[in-house]
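Structural characterization, general
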Amino acid sequence: MPQDLTRDLQDLIERGRDRQLRLAVTGLSRAGKTAFLTSLVDQLRHAGLEARLDLLAAAREQRLLGAQRVSQQDLGVPRFPYDQAMQALDGDPPSWPTPTRGISELRLKIRYRRAHANWWRGHTAELTLDLFDYPGEWLLDLPLLDHDFAGWSRTQCEGDGPARRALFADWHAAIADLDPASEVDETRLAELSERYAEGLRAAREAGFSDLQPGRFLLPGELAGAPVLQFFPLPGLDDWTTEALAALPDTSLYATLARRFAYYQQHIVRPFYRNHFRRFDRQIVLIDVLGALNAGPERFEDLSRALSRLMQSFDYGQRSLLSRLFTPRIDRLAIAATKADHVTPEQHVRLVALLEALLVEPLKDLRFANVPVKALSLASVRATEVREVTRQGRTIPALRGTDLDGDAVLTFPGEVPTRLPDADFWSRQGFDFTAFRPLPREPGPLPHIRMDAALDWLIGDKLT
Ligand SMILES: Nc1nc2c(ncn2[C@@H]2O[C@H](COP(=O)(O)OP(=O)(O)O)[C@@H](O)[C@H]2O)c(=O)[nH]1
Ligand SMILES: [Mg+2]
């Protein structure tokens, strides 16, 4: 297909000239990916005139000329629904963009004036930024590629706390006396899989993050297909690998292992291959405050899910050749989202907590010599800061509108800087109200530190 070839060649040349970046916006479900992408596009579209992006050098120096959405690379993928998202935020009353149920892409062309123009490079230049959005549930499947069925079964059943185990109690009871060697009963298998899926849904509802297989939560067009009818088998440790391999094709074990392998090959691998390779930059978005609100077991669970997840990306410094042929993420940001849920003097503490949550992946990144910036941000700020005087003392507070439309004034309190001990939750916990977006004013969306994130992620390419 010569047209494809031309396009690929053009891409290769653009990559070689380093005028094209592919940004991975990574985050679990509800972390704030869609809000972040919407705000990113909105901030850059306004960048020429009204933007408030002082922490982005190119904008501060008034060199940013603006951004436009252009035709994306892969015409088979829907376009990121930026206009719908803005409509929701512009509504009366304003509302959050609807949750993502599929994959979408967006290509932005950013125009800027060079910091140091000269006769052979010209005064203005363009940077192409490729972005894409997807349901966080599906992302959780990437770590599943590293395992065979027996290994995966082990990772899924070990280390669960009491609350999580309770949510899967029905399923555990139902599979308790299953024999891996027994003849498979298809109807029973479908039933047990559905029960496992129920457990996953209940766990998500209860605020847990480490949930595989992700398509069980958001099956799309796969609902009811046999590829979604399997589950992990606990207790395989009593079996040797040889003994398992010798089981007949019609056994329960062999059937589950086959479905698992099919799921890996036909669902997860294409998702990974088509969308998760070839990234140059990454931002990992984490709803730290939401997890803090949900209690100790959920917090642990999030930390575990993120550590597993970050092993699925290629990190490392780029050389000219690797830039062309094996792109790797050479710079990343980790961000605590929804920072507008706490008062500004707490933001430093929020970042410290974020770093504590990601200790393990951060060690690996340091080893790979990849620069990482940790920050807190609000893609779409939904609160205003107030000072309230009580008994002669001034304390910071937040004003916003809750999801029912009632005006609220909150004192969110102090964010712990380390992974909190069980005491923290029994003593004070964390008070988290979900806010409705602020009524819209003309100009770009209100934000906290979107400019700092942009400066870190693309600023060096805007010189
Ligand atoms: N207050 C506040 N809430 C946010 C912000 N970003 C996201 N949210 C909330 O988090 C929810 C999930 O965000 P979304 O972008 O859909 O998450 P995704 O699943 O990662 O795409 C939204 O519906 C909002 O309620 C933010 O900057 N500030
Ligand atoms: Mg989304």
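Let me begin by describing the structure that accompanies this report. (Residues numbered from 1 in each chain as written. Chains lettered and ligands numbered in written order. Predicted model: local features only at pLDDT ≥ 70, side-chain atom pairs only at ≥ 80, totals over all residues. Heavy atoms only, no water.)

This part takes up the layout of surface pockets. Counted as a void, the largest pocket has a volume near 1,400 Å³. Listing elements by their share of the lining of the largest pocket, those giving two or more residues are α2 (33-45), α5 (136-139), α9 (186-205), β5 (281-286), α12 (288-294) and α13 (296-310). At four residues, the largest contribution of residues to the lining of the largest pocket is made by α12. Residue composition of the lining of the largest pocket, grouped by class: 25 nonpolar, 13 polar and 11 charged. (1 Å grid on protein atoms, 1.4 Å probe; cavity = no way out; pocket = protein on both sides within 12 Å on 5 of 7 lines; lining within 4 Å. Points joined across faces, edges and corners; volume = space filled by probe spheres on them. Helix = DSSP H or I, 4+ residues; strand = E, 2+ residues; numbered from the N terminus. Nonpolar A, V, L, I, M, F, W, Y, C, P; charged D, E, K, R; others polar.)

Turning to the sheet that holds strand β8 (residues 384-390), a few remarks are in order. In space, the three strands of this open sheet follow the order β8-β9-β10, with antiparallel pairing throughout. The open sheet is flanked by β8 and β10 (407-410), the only strands paired with a single partner. The sheet shows a mean angle of 35° between the axes of neighbouring strands, taken without regard to direction. (Pairing = 2+ DSSP bridges. Axes fitted to C-alpha atoms, helices over the stretch in contact; angles between N-to-C directions.)

Right, let's talk about the site of ligand 1 for a bit. Taken together, 16 residues lie near ligand 1, and R30, K33, T34, A35 and D340 sit nearest. Here an oxygen atom of ligand 1 sits 3.2 Å away from a polar atom, N or O, in the main chain of A31. In this structure, ligand 1 is accommodated by the largest pocket. (Near = heavy atom within 4 Å. Polar contact = N/O pair within 3.5 Å; in protein donor to acceptor, adjacent residues only side chain to side chain. Sits in = over half its atoms within 2 Å of the grid points.)

Right, let's get into the coordination of the magnesium ion (ligand 2). In ideal tetrahedral geometry, four donors around a metal make angles of 109.5 degrees, whereas ideal octahedral geometry with six donors gives angles of 90 or 180 degrees. In the first shell of the magnesium ion (ligand 2), the protein supplies T34 (OG1) and T100 (OG1), at 2.1 to 2.2 Å from the metal. With T34 in helix α2 and T100 in the loop between α4 (82-90) and β3 (104-118), the pair connects residues that are 66 residues apart, well separated along the chain. (Donors = N, O, S within 2.8 Å, 3.2 Å for Na, K, Ca; no water.)

Here we come to the pattern of salt bridges. Following the criterion strictly, the structure yields 23 salt bridges and no others. For D160, the salt bridge is made with R164, and the minimal N-O distance between the two is 3.5 Å. You'll find D160 and R164 in the same group, each marked buried. For D460, the salt bridge identified is with R281, shortest N-O distance 3.0 Å. One end of the pair, D460, is in the segment after α18 (450-458); the other, R281, is in strand β5, and 179 residues separate them in sequence. Exposure remark for D460: the relative accessible area of 32% places this residue in the partly exposed category. Assessed through its relative accessible area of 2%, R281 is described here as buried. Taken together, the salt bridges that share partners define one network made up of D160, R164, D210, D301, R304 and R308. (Salt bridge = Lys/Arg side-chain N within 4 Å of Asp/Glu carboxyl O. Buried < 20%, exposed > 50% of the residue type's maximum accessible area, 1.4 Å probe, protein only.)

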